[in-house]
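Topology and contacts: notes
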Amino acid sequence: MPAMKVGIERICVMLLLGGYFLMALYGVSSKSMTYDEGIHLIGGYSFWTLDDFRLHPENGQLSQRMASVPMLTMDTPAIPTDHYSWANRDGWSAQAHYFYDLQTEPIWLIFCGRVVIILITALIGLLSYIYAKRLFGICGGFITLVLFCCFPEILAHGSLITSDMLGAGTFLLSLFALGLVLEKLTLLRICLLGIGAGLLCVSKNHAALLAPVASISLILVTILKPDYLIVWRSKGHRARGYLKTFGMRLSALTVAAILAWTVLWACYGFRFETYNPELPAPNANWDWDYVLPAEKISADLIRFTLNHKLLPEAFLYGVAQNLQNSHIRPSFLMGEYSFTGFHAFFPLALLFKSPIALIALTLLGILCLFIWLKRSGKDLLQKEQQVTRMILTIPLVIFILVYGSVAINSSLNLGLRYMLPVILCGLVLIGGMAILWRRNRVGQIAIASLLTLYVFESATAYPNYLSFFNIAVGGSQNGYKLLVDSSLDWGQDLGALSDWLAENNAAPNEIPVYLGCLGTENPEYLGIDARYLFSAGYQLYYSYNMPRLEPGYYVMSATILQGPYQTVSRPWTEEQNQLYLHSIRELARLFNGVSSMQLLLDKIAQNNPQHWLKVLRSYEQLRDERLRLYLIEQEPVARINNSIFVYRLDEQDLVNAVIYPQIGFPEKFPLRQFKQQIERSANSHS
């Protein structure tokens, strides 16, 4: 290729990646800390500075370490090992204490970590271009790169401090290197595969799926090409025959696996133990009987590996915890609830959250593939270039099938982000439309038109990439009816809510605000003065107090509004209604004539504390559910980026919603400590 064309190619690639960087950076700069970001950042910082892996072992080290690198260059305080969260291995409490009690400017720390993740995601985009170019030429590479840079889910999760994007990127790197090793053996290719697979292991705990993908690919490639070129010190040797080439390829994969195993151990400092022996020990060691998965084969394999110290303890604990969580997990899909997941969740999520133009490009690409295969016929395997292309494509296709089948049967239906590895592989394969581009003028017009529409549709999502849904399902404003959690609402718009309240609920006309949201950001830090409703995040652990309900603004994020994490069985029944009315009568009797917390405790302690604890929990859950069911049928006065809903309720609304809104605790009442005292009293009577 002439030097000028190479220069133009590089400039175009850099422009596209630069465009991605700016879109992701400006898009995420106005977003609050999402649910998992704080614990990832603190986990990584503790790995670097304390050489201890107790705080967050279950989500891979790589993203946590990389995002926390900027903290190493700042004058940030050390993680306090005398705080109770350290002894209890409680990463969630540790991140809340570090950010808000120590006043460490979490907004700046999160922003710097996000910049690192965006830069790494840009490198993953470059890898996608290189892979597609290797398969389908420059045109195919650019088609893939445009799709990568403008895909809303990549723009959303490729700028957050989580393991999802790095896990997907290291999967793609490993698959690319796997294809290269199966095609031709060189030392560089083995090192690339070993390092890529090792980084995958410390990026995401589903790295084990690479093993069946490699095994199936090995068999298929050997059948396809019983001929294997081995290059050593610039000299080539060609092995021929099914058995010999299979053995040589298997040996190459074995060496790469040993290298990956070494990389994994290196990331844990070649130390088996989770805890740094020079730091305060935890209150208790890992409870392996509790965390091991119910599935016997997996549990036995983990226990064998643990007993023989074949892998680091913290790594094995993270794998076990993720396997256990994948069996039973609350999920929501189109108004339905499940604890064991939906087989249709990920296919539907992909359809809901992919731009229409991308769906059309995918269908067109599949059509092009069939046409190309039909025209090639028997000549397909006669050309060396075509065989090489197929060898590099096989790992991608096998991975999509293997990963997709596991995902469809998983209970971990938390968001489309879990399909990012499949999405990256799919974008590389869509680059195959370059075949149509080179041969057909009509095809060029169709592809160019769809790419233009794709870029436009993605641009309209700015800066709310996380809450993007395509227009075929009603757009982003209809998304909360279809999916929640990290597909829509991950606490990212709490700052936008703060801005809205500052403009619409300022003194002297200020009215009470009741807040229920998914997230670990501290609303008070953002200037939100609220009484907390049922929640999942910071408020649940620190500020929730089951307040009395008064007229005011009732704010719920989409996940809380749909209620997948509420413990009340659905649908609402007459039996639940009677239990709720009974709880109201009991609490009215309890509160009657009581003027202080101590008097209330005394009254409970003297009259069956176990009963009152049960009544409190029942009332709390049932009132929350009634309020949620009422609000979801109302029209909000405001939608904050389609992930947070603001309602204004008067006294009659509250009566209609919960019957007796006066029952509850005063503002700032320490309900958590109150419950703990009741539990201690109940235990002393049992």
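That block above? That's the structure.
Residues numbered from 1 in each chain as written. Predicted model: local features only at pLDDT ≥ 70, side-chain atom pairs only at ≥ 80, totals over all residues. Heavy atoms only, no water.

1. Quick word on the sheet that holds strand E3 (residues 235-240)
Strand pairing in a sheet relies on backbone hydrogen bonds, with the paired strands running either antiparallel or parallel. What counts, and what does not: Paired strands are those between which DSSP finds at least two bridges. Elements are defined by DSSP. Helices are runs of H or I of four residues or more, strands are runs of E of two residues or more, and each kind is numbered from the N terminus.
Overall, mixed pairing links the three strands, which are arranged E1-E2-E3 in an open sheet. The open sheet is flanked by strand E1 (184-185) and E3, the only strands paired with a single partner. Pairing of E1 with strand E2 (residues 227-232) involves two bridges; the strand directions are parallel. Counterpart to Lys184 in the pairing with E2 is Leu229.

2. Considering the environment of Met419
By secondary structure assignment, the location of Met419 is in the loop between helix H18 (384-408) and helix H19 (420-430). When the C-alpha positions of Met419 and Tyr403 are compared, they lie 8.5 Å apart, and in sequence the two are 16 residues distant.

3. Examining the pairing of strand E6 (residues 513-516)
The condition that has to hold: For every residue, the accessible area obtained with a 1.4 Å probe (protein chains only) is divided by the maximum for its type, and the residue is called buried under 20%, exposed over 50%, and partly exposed between those limits.
Judged by which residues are buried, E6 turns out to be covered on both faces: Val513 and Leu515 on one side and Tyr514 and Gly516 on the other are all buried. Relative to strand E10 (residues 552-557), E6 runs parallel, the two being bridged by four bridges. Within E10, the position partnered with Gly516 by the bridge is Met556. As paired elements, E6 and strand E8 (residues 531-532) share two bridges and run parallel to each other. Within the sheet, the bridge partner assigned to Leu515 lies in E8 and is Tyr532.

4. A look at the environment of Glu524
With respect to the element layout, Glu524 can be found in the loop between strand E7 (518-519) and E8. Using a relative accessible area of 44% as the deciding quantity, one classes Glu524 as partly exposed. Glu524 sits 409 residues away from Val115 along the chain, and the two C-alpha atoms are 25 Å apart.

5. Details of the pattern of salt bridges
Side chains carrying opposite charge are able to pair once their charged atoms draw close together. The condition that has to hold: Whenever a carboxyl oxygen of Asp or Glu lies within 4 Å of a side-chain nitrogen of Lys or Arg, that contact is scored as a salt bridge.
A full pass over the atoms with the stated rule returns 15 salt bridges. The closest approach of N and O atoms between Glu9 and Lys133, which form a salt bridge, is 2.8 Å. Residue Glu9 is found in helix H1 (residues 3-28), and its partner Lys133 is found in helix H7 (residues 106-150); the two are separated by 124 residues along the sequence. Here Glu9 falls in the buried class, since its relative accessible area comes to 9%. Of the charged contacts, one joins Glu37 and Arg114 as a salt bridge, the two residues approaching to 2.6 Å between their closest N and O atoms. Note that Glu37 is positioned in helix H2 (residues 37-50) and Arg114 in helix H7, a separation of 77 residues in sequence. Glu37 gets classed as buried once you look at its relative accessible area, which sits at 0%. Under the relative-accessibility criterion, Arg114 is labelled buried at 3%. Within this structure, Asp164, Lys204 and Arg417 form a network of salt bridges that share partners.

6. Overview of the packing of aromatic side chains
For the record, the criterion: Each Phe, Tyr or Trp ring (for Trp, its six-membered ring) is paired with any other whose centre lies within 6.5 Å, and the angle between the two planes then decides the class: stacked below 30 degrees, edge-to-face above 60, tilted in between.
Within this structure, the stated rule accounts for 25 aromatic pairs. With a centroid separation of 5.5 Å and 55 degrees between ring planes, the pair formed by Tyr100 and Tyr525 is classed as tilted. Here Tyr100, found in helix H6 (residues 91-101), pairs with Tyr525, found in the loop between E7 and E8; they are 425 residues apart in sequence, far enough to count as distant. A centroid spacing of 6.5 Å and a plane angle of 80 degrees characterise the contact between Trp261 and Trp265, whose relative ring orientation is edge-to-face. In this pair, Trp261 and Trp265 both sit in helix H12 (residues 242-267), four residues apart, roughly one turn of the helix. Owing to a relative accessible area of 10%, Trp265 belongs among the buried residues under this scheme. Chaining the aromatic ring pairs together yields one cluster made of Tyr45, Tyr98, Phe99, Tyr100 and Tyr525.

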